[in-house]
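# Commentary on secondary and tertiary structure
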Amino acid sequence: MPIFKWRANEGICFLIMTIIIGIDPGSRRTGYGVIALHGNRHVHVASGCIALNTSETQDRRLREIFLSLKQIVMTYQPQEAAIEQIFMHENASSALKLGQARGAALVALDMPVAEYSAREVKKSVVGYGAAKKEQVQYMVRRLLNLPNQLSADASDALAVALCHAQVRTLKKFIEARS
């Protein structure tokens, strides 16, 4: 199914799908997932993981997150973005690094970004806020009709995008009824 529709007689091209990017930020691996919405269908566009070299300095890793996500945004041109909120770690240093990675991702996206807690994402995709990673991976594969296993980071990022798709659909439904 095409993302763009071309009207040759009018010489215009217009978008017929909404593209959403979901981000699962991390200081070692940052997952991304891009989906397209066509009516009530969710279509997998792309997903993957930005694997960072842990021997590099923190500033180099943050730059890699920024540049990689900028390239992904340029390639797929999402109209909407969503990111997983950080949760408080027991280790303050880990929480700070995760927050920095999240900041690099937010700046790279350069658009308004919806934020969802891990519990909200799991509940919207699996139906249970305390679901295990394997359950999330399974449901993401089922919802997007994907034949192959996904990495945990890509699966989590796609789950964030799916969560946002459900929230935006519900908001539009409520607005239409008001």
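Refer to the structure above for everything that follows.
A few points on the structure. (Residues numbered from 1 in each chain as written. Predicted model: local features only at pLDDT ≥ 70, side-chain atom pairs only at ≥ 80, totals over all residues. Heavy atoms only, no water.)

## So, the overall build of the protein
When helices and strands are tallied, the protein shows five helices and seven strands. Within the protein, the proportion of its 178 residues that are buried is 40%. Per element, the accessible surface of the protein, about 10400 Å² overall, is 52% carbon and sulfur. (Helix = DSSP H or I, 4+ residues; strand = E, 2+ residues; numbered from the N terminus. Buried < 20%, exposed > 50% of the residue type's maximum accessible area, 1.4 Å probe, protein only. Areas by Shrake-Rupley, 256 points an atom, 1.4 Å probe, with all protein chains shown as cover.)

## Focus: helix α2 (residues 92-109)
Over its 18 residues, α2 extends 26 Å from the first C-alpha to the last, a length consistent with the 26 Å expected when each residue adds 1.5 Å. All of the buried residues along α2 are Ala95, Leu98, Ala101, Arg102, Ala104, Ala105, Ala108 and Leu109. Of the surrounding elements, those touching the buried residues of α2 are β3 (18-24), α1 (58-76), β6 (80-84) and β7 (113-116). For α2, the side-chain oxygen to backbone nitrogen distance between the N-cap and Ser93 is 2.9 Å, and the N-cap itself is Asn91. Where α2 ends, the next residue or the one after it, Asp110, has phi of about 55°, a positive value. (Expected span 1.5 Å × (residues − 1). Contact = heavy atoms within 4.5 Å. Polar contact = N/O pair within 3.5 Å; in protein donor to acceptor, adjacent residues only side chain to side chain.)

## As for the pairing of β6
Within β6, four of the five residues are buried, leaving the element largely enclosed by the surrounding structure. Taken together, the four bridges between β3 and β6 define a ladder with parallel strand orientation. Residue pairing for β6: Ile21 is matched across the bridge by Ala81. Bridge count for β6 against β7 is four bridges, and the pairing is parallel. Across the sheet, Ala82 pairs through a bridge with Ala114, a residue of β7. (Pairing = 2+ DSSP bridges.)

## Comments concerning the pattern of salt bridges
Using the criterion set out here, one finds four salt bridges in the structure. When the shortest N-O distance is used, the salt bridge between Arg102 and Glu115 registers 2.3 Å. Taken together, the residues Arg102 in helix α2 and Glu115 in strand β7 connect sequence positions 13 residues apart. For Arg102, a relative accessible area of 11% translates into the label buried. Among the ionic pairs, Lys133 bridges to Asp156, the shortest N-O distance being 2.4 Å. Note that Lys133 is positioned in helix α4 (residues 133-143) and Asp156 in helix α5 (residues 152-177), a separation of 23 residues in sequence. (Salt bridge = Lys/Arg side-chain N within 4 Å of Asp/Glu carboxyl O.)

## So, the nonpolar core
Ile21, Ile23, Ile65, Leu69, Ile72 and Leu109 are the most contacted members of the largest nonpolar core, which totals 24 residues. Of all the secondary structure elements, the ones that give two or more residues to this core are β3, β4 (29-38), β5 (41-51), α1, β6 and α2. Judged by nonpolar contacts, the second largest core, of 21 residues, contains Ile20, Val121, Ala161 and Ala165. (Core = buried A, V, L, I, M, F, W, Y, C linked by side-chain atoms within 4.5 Å.)

## Brief notes about unusual backbone geometry
Of note, Asp110 is a non-glycine position whose phi angle comes to about 55°, a positive value. Positionally, Asp110 belongs in the loop between α2 and β7. With a phi close to 55°, Asn145 is a non-glycine residue in the positive phi region. Along the polypeptide, Asn145 turns up in the loop between α4 and α5. For Asn145, a relative accessible area of 67% translates into the label exposed.

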